[in-house]
Amino acid sequence: MSNHSKYELLLDACKALPPTPTAVVHPCDRAAIEGAIGAARLGLISPILVGPQQRIRDAAAQADIDLAGYTIVDVAHSHAAAEKAVELVLQGRAEALMKGSLHTDELMGAVVRRENGLRTSRRISHCFIMDVPGYDQALIISDAAVNIQPTLEDKKHIVQNAIDLAHALAFPEVRVAILSATETVNPKVLSTVEAAALCKMADRKQITGGILDGPLALDNAISLEAAAIKQIDSPVAGRANVLIVPDMEAGNMLAKSLSFLAGADAAGIVLGARVPIILTSRADSELSRLASCAVAALVALARRTALSKAVS
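Everything in this summary refers to the structure shown in the same document. Keep in mind the model is a prediction, meaning the values are calculated, not measured. (Residues numbered from 1 in each chain as written. Predicted model: local features only at pLDDT ≥ 70, side-chain atom pairs only at ≥ 80, totals over all residues. Heavy atoms only, no water.)

What follows covers the sheet that holds strand 2 (residues 45-51). Read from one edge to the other, the open sheet built from 11 strands follows the order 3-2-1-4-11-10-5-6-9-7-8, with strand pairing classed as mixed. Looking at the sheet topology across the chains shown, the edges are occupied by strand 3 (71-74) and strand 8 (211-216). Here seven bridges tie strand 5 (residues 125-131) to strand 10 (residues 265-271), and the two strands are oriented antiparallel to one another. Among the inter-strand pairings, Cys 127 is bridged to a residue of strand 10, identified as Ile 269. (Pairing = 2+ DSSP bridges. Helix = DSSP H or I, 4+ residues; strand = E, 2+ residues; numbered from the N terminus.)

Have a look at this one:
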């Protein structure tokens, strides 16, 4: 099993930061309220609990949590909670969103509304930040949760979002592998053609901040031995720390295989909106939930820093 060292580094990086004001959307079951308050106790977030007040208090009572001192915004139901949480971001009261006990589609529907939503010029995408036993660095995998069959234009945004995340997490060098089933370009396999196009986009500075290579099969993306056998001479092959998958099905299977067969931990974050969005699952470990909040705090810090530079 993982020794969690990479996540502990994430949590350590947040110790000197102020808690990130976070709208927690519909935290109406035990897992959701425990995740939010646990992150608050570690100083990762300053939660604003948005949902039906009595249901939130009932969930807290079930978890033996005292909500004294925490802000509750009372709304009638989960749909209203998603809308109110987005409103809190637009008002500047929240710098992150955290999913509680509502469907992801319901939360994201409020986020991506064209009017009074949180859209930016970027495509919204999801990243897993994985602590994999035996791999010497954290792995970012995208997109395994939001974009079902992304187009080439979508993948350009997915790659840039992942690179920006890696910088927010202080990766010393961002090495991006564009995955397919093979490391050669085959016109019959669309993902190989798109991988080559993405690498050329990076050459032309349409994608910036990372070193790209692809197509690469998974083995020669993360194994130096496999890359050497295939005679792939690349600064990415065998050393990738960002894996871009062809579609959501491939990404979901890859992430869950690492979690359930290799004992990896998986933190999750949605990027491309005005603020980071923490997506957690009831199957997530407590450490994974806390790591997701730590990632959001570091992304929020990077966003504040970028806005400050833009203003000055």
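Let us keep going from here.
Here the bond from Ser 142 into Asp 143 is cis, since omega is -5°, no more than 30 degrees from zero. With respect to the helices and strands, the residue Asp 143 is situated in the loop between strand 6 (139-142) and helix 6 (152-168). For the bond running from Gly 214 to Pro 215, omega is 5°, close enough to zero to count as cis. Here Pro 215 is to be found in strand 8.

Size it by volume and the second largest pocket reaches roughly 410 Å³. The wall of the second largest pocket is formed by 19 residues, among which Arg 122, Asp 164, Ala 273, Val 299 and Arg 303 lie closest to the centre. Secondary structure elements with two or more residues in the lining of the second largest pocket: helix 6, strand 10 and helix 11 (286-311). When its residues are assigned to classes, the lining of the second largest pocket shows 11 nonpolar, four polar and four charged. (1 Å grid on protein atoms, 1.4 Å probe; cavity = no way out; pocket = protein on both sides within 12 Å on 5 of 7 lines; lining within 4 Å. Points joined across faces, edges and corners; volume = space filled by probe spheres on them. Nonpolar A, V, L, I, M, F, W, Y, C, P; charged D, E, K, R; others polar.)

This part covers the packing of helix 6 against helix 7 (residues 190-203). Look at helix 6 against helix 7: their axes get within 10 Å of each other, and the N-to-C directions meet at 55°. The orientation of helix 6 relative to helix 7 falls into the category oblique. Relative to helix 7, the crossing made by helix 6 is right-handed. Counting all contacts with helix 6, which are made through Leu 152, Lys 155, Lys 156 and Val 159, the residues of helix 7 involved are Glu 194, Ala 197, Leu 198 and Met 201. Along the lines of polarity and charge, the residues of the contact of helix 6 with helix 7 split into five nonpolar, no polar and three charged. (Axes fitted to C-alpha atoms, helices over the stretch in contact; angles between N-to-C directions. Parallel < 35°, antiparallel > 145°, perpendicular 65-115°, else oblique. Left-handed = near helix turned anticlockwise from the far one by under 90°. Contact = heavy atoms within 4.5 Å.)

By size, the foremost hydrophobic cluster in this structure holds 62 residues, and its most contacted members are Ile 33, Leu 165 and Leu 212. Take this core: its biggest share by element is 10 residues, from helix 11. Beyond its immediate sequence surroundings of up to four residues, Ile 33 is in contact with Pro 27, Leu 49, Ile 56, Ala 59, Ala 60, Ala 63, Ile 65 and Leu 67. Ala 82, Leu 97, Leu 107 and Ala 273 belong to the second largest nonpolar core, which has 27 residues in total. (Core = buried A, V, L, I, M, F, W, Y, C linked by side-chain atoms within 4.5 Å. Buried < 20%, exposed > 50% of the residue type's maximum accessible area, 1.4 Å probe, protein only.)

Honestly, that's just the spatial picture; any functional story needs more than this.
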